[in-house]
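Here is what each chain is made of, one letter per residue.
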Amino acid sequence: QVQLVESGGGLVQPGGSLRLSCAASGFTMDNYAIGWFRQAPGKEREGVSCISSTGVRLYFVDSMKGRFTISRDNAKNTVYLQMNSLKPEDTAVYYCAAKPRYCSEITTRSDYWGQGTQVTVSS
């Protein structure tokens, strides 16, 4: 069974950090681009970041470059999203998605989506 599973979410205070994980099973993610997306209640889904199969990184919002870092460990079949200096507006369900090789059009062309992990930033 092909599956993506997100983990690492939780409740954190403003200014805190979290590391999200996206683990793949049923396929080898070495040849896939993996993207992170988020959706707050009542709002549209938005892209966060993406890493291609060769390690090229894409950040959908410039301000995230200084706070969020995407990385991958192919040996563990896992992609990570390190989130620092978290703000209340970062509160959302975070999803990962997989698309062959490249990040282009990952928002509409992804083959697989995970179920999401909740991130809540609040004091």
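Remember, predicted model here, so these are calculated numbers, not experimental data. (Residues numbered from 1 in each chain as written. Predicted model: local features only at pLDDT ≥ 70, side-chain atom pairs only at ≥ 80, totals over all residues. Heavy atoms only, no water.)

(A) Structural view of the pairing of strand S5 (residues 46-51). For S5, the buried fraction is high: 5 of the 6 residues fall into the buried class. Across 5 bridges, the pairing between strand S4 (residues 32-39) and S5 is antiparallel. Looking at S5, one finds that Trp36 is bridged to Ser49. In textbook terms, the turn of a hairpin is the stretch between consecutive antiparallel strands, and for S4 and S5 this stretch comprises 6 residues, one of which, Gly42, has a positive phi near 75°. Two elements, S5 and strand S6 (residues 57-59), share 3 bridges in a ladder whose sense is antiparallel. (Buried < 20%, exposed > 50% of the residue type's maximum accessible area, 1.4 Å probe, protein only. Helix = DSSP H or I, 4+ residues; strand = E, 2+ residues; numbered from the N terminus. Pairing = 2+ DSSP bridges.)

(B) Structural context of the nonpolar core. Counting 28 residues, the largest nonpolar core has Ile34, Trp36, Leu81, Met83 and Tyr94 as its most contacted members. Breaking this core down by element, the ones donating at least two residues are strand S3 (18-25), S4, S5, strand S7 (68-73), strand S8 (78-83), strand S9 (92-100) and strand S11 (117-121). Discounting chain neighbours no more than four positions away, the residues touching Leu81 are Leu18, Arg19, Leu20, Trp36, Val48, Ser49, Phe68, Thr69, Ile70 and Tyr94. Counting 6 residues, the second largest nonpolar core, distinct from the first, contains Ala33, Cys50, Cys103 and Ile106. (Core = buried A, V, L, I, M, F, W, Y, C linked by side-chain atoms within 4.5 Å. Contact = heavy atoms within 4.5 Å.)

(C) Main features of the sheet that holds S8. Pairing is antiparallel across the open sheet formed by 4 strands, whose spatial order is S1-S3-S8-S7. Whereas interior strands pair on both sides, the edge strands pair on one side only; in this sheet they are strand S1 (3-7) and S7. The mean angle between the axes of side-by-side strands here comes to 15°, regardless of whether they run parallel or antiparallel. Two elements, S7 and S8, share 6 bridges in a ladder whose sense is antiparallel. Within S8, the residue paired with Thr69 across the bridge is Gln82. (Axes fitted to C-alpha atoms, helices over the stretch in contact; angles between N-to-C directions.)

(D) Quick peek at the environment of Phe68. By the secondary structure assignment, Phe68 is in strand S7. For Phe68 and Gln39, which are 29 residues apart along the polypeptide, the C-alpha to C-alpha distance reads 16 Å. Leave out the neighbours within four places in its chain, and Phe68 touches Arg38, Val48, Tyr59, Leu81, Gln82, Met83, Asn84, Leu86, Asp90 and Tyr94.

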